Amino acid sequence: MLKIKNITKSFGSLTALDNISLDIEKGEFFGLLGPNGAGKTTLINTIIGYLEPELGNVSIDGEDITIENTQLRKKIGYVPQEIALYLELTAYQNLKIFGSIFDLKGNELEKKINEVMELVQLTDRKKDKVKDFSGGMKRRINLAVSLLHNPDIILCDEPTVGVDPQSRNAIFEMLHDLNKEGKTILYTTHYMEEAERLCSRLAIIDNGKIIAQGTLVDLINMLEQKETIKIQKTAFTQDKISAISDMGIISEHDFYYELIVNDKYKQHSKTFIRLEEEGIHNEFVQVSRATLEDVFLNLTGRSLRD
Amino acid sequence: MKNIYHLVIKDIIRFLNDKPAVILTFVVPMLLIIIFGNVFGGKGSGPRGKTNIILVNNSNSVVADLIESKLDTSKSLRMIKKYLPADSKDSVLFDEESAKEFVRGGKIMAAIVMPKDFFLDTSSALKFKFYYDPKNEIESAIVQGAMQQTIMTQIPKVMPIILKRKAINYIGSDSTARFYRDMTKTVTKYFGVDSDSFMSELTKVDSSSLFNSSADTSAEANFMGNIIQFDNEQLVGKEISNPGLTRSVGGWAMMFLLFSITGAATSLFEEKQEGTLKRLLCMSVSRADILWSKYIYSTMLGVFQLLVLFVFSWAFFDIDIFSNFFNLMIVIIVSAMAAVSFAMIITATTKTASQANGVSMLLILVMSALGGSWFPIQFMPEWMQTGSKATMTYWSVEAFLSVLWRNAPLSSVYTNIVVLLVFTLLLNAYSLVRFRNGRVF
């Protein structure tokens, strides 16, 4: 449905997007994961036709998106990173302005406004000025505007930045429901938890390049070490940790030690027996499944939050 | 076209919801018009303020008394003759020294002194002393002008006496007496007037007769009395009830128009920063739609603002806007278009909202001062007057002045309209080029 083919975009000497290709199927919930400055927003800006790439093209159902081709953009619902609303106006006025630009009018417009207000659970605040809303409510109206014209594709550019957990969950549920209704969603984030929770398929972007893509399982399977052992950091374990240095690589974190075991301790049973022998009991030990953070670390040598 | 319509509506809704913008666009200019309307006179305004001047009359002559009485009835000057010394409960008359002290101390702007030898029986000139503090040169010039005007109206009455005394001084009393006798004979012979009364009038050098009203009415007396005569006739603006405000309202309106329109156009930067511009662009809206909508909205706002200000001036200060309303509307529309083109070029050539605000503030103030919004350009040196023609403000202010003051037909402001349209076209063309390469989009 949405094809991104060999997109390259530079700003002066900085190559923001370097030969990026993605193929997103109809009905897919596709995640684009990467740290700040990786090129996520630039890619979204190129998809919506706000930026023109030097090379490559973006197409929807085989039709190229260009700056001039404004009609094709009606298939897209864009949820920007910013609260792109007229804050001094009411939620209703915002929806009416953007709805009329989407060619909606009269009863149809009123009906759609009521629908999306219901969806984002803000019907009772319709007549209030957006500037008086909480951060989470603003985000929900931001999302509602992009749904007014019933788009086929929803592009969400980090839609939960600065949002409280409750509103974040509400947004996740809305997007999940929309995806279930058949909407194709492209979701950018630098939170791996969001990507893991929402997306059926993912691409990891760094320095303007797609460095990996696939399902969550595909990406985790790229790792040699699919699990990590975490040992709680206490005064007791601190004394014992040097005794197990022969078991593998130990890295120290704020509240725990991370142990990546060598081949001799690949079996959990051997690991736990040895730790018991050294006096590190089970209550201090936790086995964690590898995450996208580990995948990113493995691919780039850096943390997502670096 | 549909998008442009919706975007214009959007801008109007935003403007109406932005109370500070509404106040700055309409209320502040109205307040200034109220201030200027009252300064220059108009409906409901009280009597004009008078400027205080110390008058010291040390002369015993009737001419000095005559001038003093005239100064006492001046519409623009108030004669102060007494003051209250620090160590006294009673007011005392000013003398020359105390008057000078008051002027030096900044307590009063000027003092006029008619000294003892102001006009003696043998004087052939009036002797005034004028002391002033030129801290405000314009005010000082106005006061001097008003005083001179009052004094000059009395000069013709004294002039014959002065001339006769000068004649005696130059050719001697015998020759003067012979001249009067010969002249009386000739006039009596050919015009049949009474020789005694004519001779008496010719030889009179006593200024006390100036207060004798019967002397003024005789033809003989007026023979020398009316040697200076001004026939004043105001050819333009006679029927205008508030000339001062009529002259200045166009200039102030144009300055506020530039401020409000520039604010409206540079809101593109705010919309970019808020992300709404990008949101619109990723809908079915093109960049051209956004620019056109901004242009149309700003022009509408400008026309409406000017219209409101002129109607307000009409309602509260009797500025006649309806006798030449069609031509006034043409000038309003063309001025608004020119102001929008100025705002567009500011938006197209600057990089941020704060930069746009700074540059526009500077340019608007310079254009307003140079273009005649604040004061008539005739006050400026010639090179500045030439420079003022390079500002759109000048052409607009002159056009407003023509249609409001002279009731000028369209043909009289044709040049102004063409120049404003040329400004509009050139600035818009350059803005479009800059918008393609600029940072707004």
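What you see is a predicted model, and the numbers here were worked out from it, not measured in a lab.

As for the overall build of chain A
Each helix and strand counted, chain A has ten helices and 14 strands in total. The C-alpha extent of chain A, read off along each of the three principal axes, is 75 × 45 × 35 Å. Within chain A, contacts between residues at least 6 apart in sequence are counted, and of these 69% link residues at least 24 apart.

Digging into the overall build of chain B
Along chain B, the regular secondary structure elements total 18 helices and six strands. Of all 441 residues assigned to chain B, the portion counted as buried reaches 35%.

A short note on the domain arrangement of chain A
Domain boundaries assigned for chain A yield domain 1 (2-221) and domain 2 (227-289). When each unit is reduced to the centre of its C-alpha atoms, the spacing between domain 1 of chain A and domain 2 of chain A is 42 Å.

Structural notes on the pairing of strand β9 (residues 201-206) of chain A
All names here are of chain A. Sheet topology places strand β3 (residues 29-33) next to β9; four bridges connect them, and they run parallel. Pairing of leucine 33 across the sheet is with isoleucine 204, part of β9. Pairing geometry for β9 and strand β10 (residues 209-214), over five bridges, is antiparallel. Pairing of alanine 203 across the sheet is with glutamine 213, part of β10. If you look at the hairpin formed by β9 and β10, you'll find two residues sitting between the two strands, and asparagine 207 has a positive phi there, around 50°.

Details of the domain arrangement of chain B
One can read the domain layout of chain B as domain 1 (2-42 + 241-437) and domain 2 (51-171 + 204-225). Once you take the C-alpha centre of each, domain 1 of chain B and domain 2 of chain B turn out to be 50 Å apart.

Overview of the packing of helix α2 (residues 91-101) of chain A against helix α3 (residues 106-119) of chain A
Relative orientation and spacing of two packed helices are given, respectively, by the angle between their axes and the distance between those axes. All names here are of chain A. One can describe the packing of α2 onto α3 by two numbers: an axis separation of 10 Å at closest approach and a directional angle of 125°. Taken together, α2 and α3 sit at an angle that is classed as oblique. Pair α2 / α3 crosses with right-handed handedness. On the side of α2, the interface is formed by Tyr92, Leu95, Lys96, Gly99 and Ser100, while α3 contributes Leu109, Lys112, Ile113 and Val116. Along the lines of polarity and charge, the residues of the contact of α2 with α3 split into five nonpolar, two polar and two charged.

Here's the deal with the pairing of strand β5 (residues 110-114) of chain B
Residue and element names in this part refer to chain B. With five of five residues buried, β5 is to be regarded as a mostly interior element. Burial of β5 is two-sided: the residues Ala110, Ile112 and Met114 facing one way and the residues Ala111 and Val113 facing the other way are all buried. In terms of strand pairing, strand β1 (residues 51-57) meets β5 through four bridges, oriented parallel. The residue bridging asparagine 57 from the neighbouring strand is methionine 114, located in β5.

As for the sheet that holds β3(A)
Residues and elements named next belong to chain A. One open sheet accounts for six strands, arranged β6-β7-β8-β3-β9-β10; its pairing is mixed. The open sheet has two edge strands, β6 (76-79) and β10, and neither has a second partner. On average, adjacent strands in this sheet sit at an angle of 15° to one another, irrespective of strand direction. This element, helix α5 (residues 165-180), spans β3, β7 (153-157) and β8 (184-189) of the sheet and lies at about 150° to β8.

Topic: the sheet that holds strand β2 (residues 14-24) of chain A
All names here are of chain A. Pairing in this open sheet of four strands is antiparallel, and the strands run β2-β1-β4-β5 from one edge to the other. Each edge of the open sheet carries a strand with a single partner, namely β2 and β5 (63-64). Of the pairings in the sheet, the one linking strand β1 (residues 2-11) to strand β4 (residues 55-60) comprises five bridges and is antiparallel in character. Of the residues in β4, the one forming a bridge with threonine 8 is leucine 55. Set on the sheet, helix α1 (residues 40-47) makes contact with β1, β2 and β4; between it and β2 the angle comes to about 65°.

Examining the packing of helix α10 (residues 243-265) of chain B against helix α15 (residues 353-371) of chain B
Residue and element names in this part refer to chain B. Across the interface, α10 lies against α15 with an axial gap of 10 Å and an inter-helix angle of 165°. With respect to their mutual orientation, α10 and α15 come out roughly antiparallel. Between α10 and α15 lies a crossing of right-handed hand. Contacts from Met255, Leu258, Phe259 and Thr262 of α10 reach α15 at Ser360, Ile364 and Ser368. Here the residues of the contact of α10 with α15 are counted per class, giving four nonpolar, three polar and no charged.

Some thoughts on the interface of chain B and chain A
Each partner contributes residues to the interface: chain B has 19 residues there, and chain A has 21 residues. If you list the elements that add at least two residues to the side of chain B that touches chain A, you get α1 (2-17) and α12 (276-281) of chain B. Counting residues per element, the side of chain B that touches chain A draws most heavily on α1(B), which supplies six residues. Broken down by class, the residue content of the side of chain B that touches chain A amounts to six nonpolar, seven polar and six charged.

A short note on helix α14 (residues 325-349) of chain B
Under the 1.5 Å per step criterion, the end-to-end length of α14(B) is 36 Å for 25 residues, consistent within 8% with the ideal 36 Å. With 19 of 25 residues buried, α14(B) is to be regarded as a mostly interior element.

Focus: unusual backbone geometry
Although it is not a glycine, Glu158(A) sits at a positive phi angle of roughly 45°. Along the chain, Glu158(A) turns up in the loop between β7 and α5. With phi around 60°, Asp318(B) is a residue other than glycine that occupies positive phi space. With 17 C-beta atoms counted inside 10 Å, the residue Asp318(B) sits in the partly exposed group.

Regarding helix α3 (residues 62-72) of chain B
Of the positions making up α3(B), those classed as buried are Val63(B), Ala64(B), Ile67(B) and Leu71(B). Within α3(B), the buried residues cover an arc of 100° as seen down the axis, which keeps them to one side.

A closer look at the confidence of the model for chain B
All names here are of chain B. With 87% of its residues at a pLDDT of 70 or more, chain B has an overall mean of 82. For chain B, the element scoring lowest by mean pLDDT is helix α8 (residues 213-217), at 44; strand β3 (residues 82-83) scores highest, at 93. Long-range and interchain partners of residues 213-221, a stretch whose pLDDT sits below 50, account for eight contacts in this model, where long-range means more than four residues apart. Scoring of the predicted complex yields 0.71 for pTM and 0.79 for ipTM.

Parameters and conventions
- Residues numbered from 1 in each chain as written.
- Chains lettered and ligands numbered in written order.
- Predicted model: local features only at pLDDT ≥ 70, side-chain atom pairs only at ≥ 80, totals over all residues.
- Helix = DSSP H or I, 4+ residues; strand = E, 2+ residues; numbered from the N terminus.
- Contact = placed C-beta atoms within 7 Å.
- Buried ≥ 20, exposed ≤ 12 C-beta atoms within 10 Å, placed from the backbone.
- Domains from an automatic or database assignment.
- Pairing = 2+ DSSP bridges.
- Axes fitted to C-alpha atoms, helices over the stretch in contact; angles between N-to-C directions.
- Parallel < 35°, antiparallel > 145°, perpendicular 65-115°, else oblique.
- Left-handed = near helix turned anticlockwise from the far one by under 90°.
- Nonpolar A, V, L, I, M, F, W, Y, C, P; charged D, E, K, R; others polar.
- Expected span 1.5 Å × (residues − 1).
- Arc of directions from axis to C-beta.
- pLDDT = per-residue confidence, 0-100.

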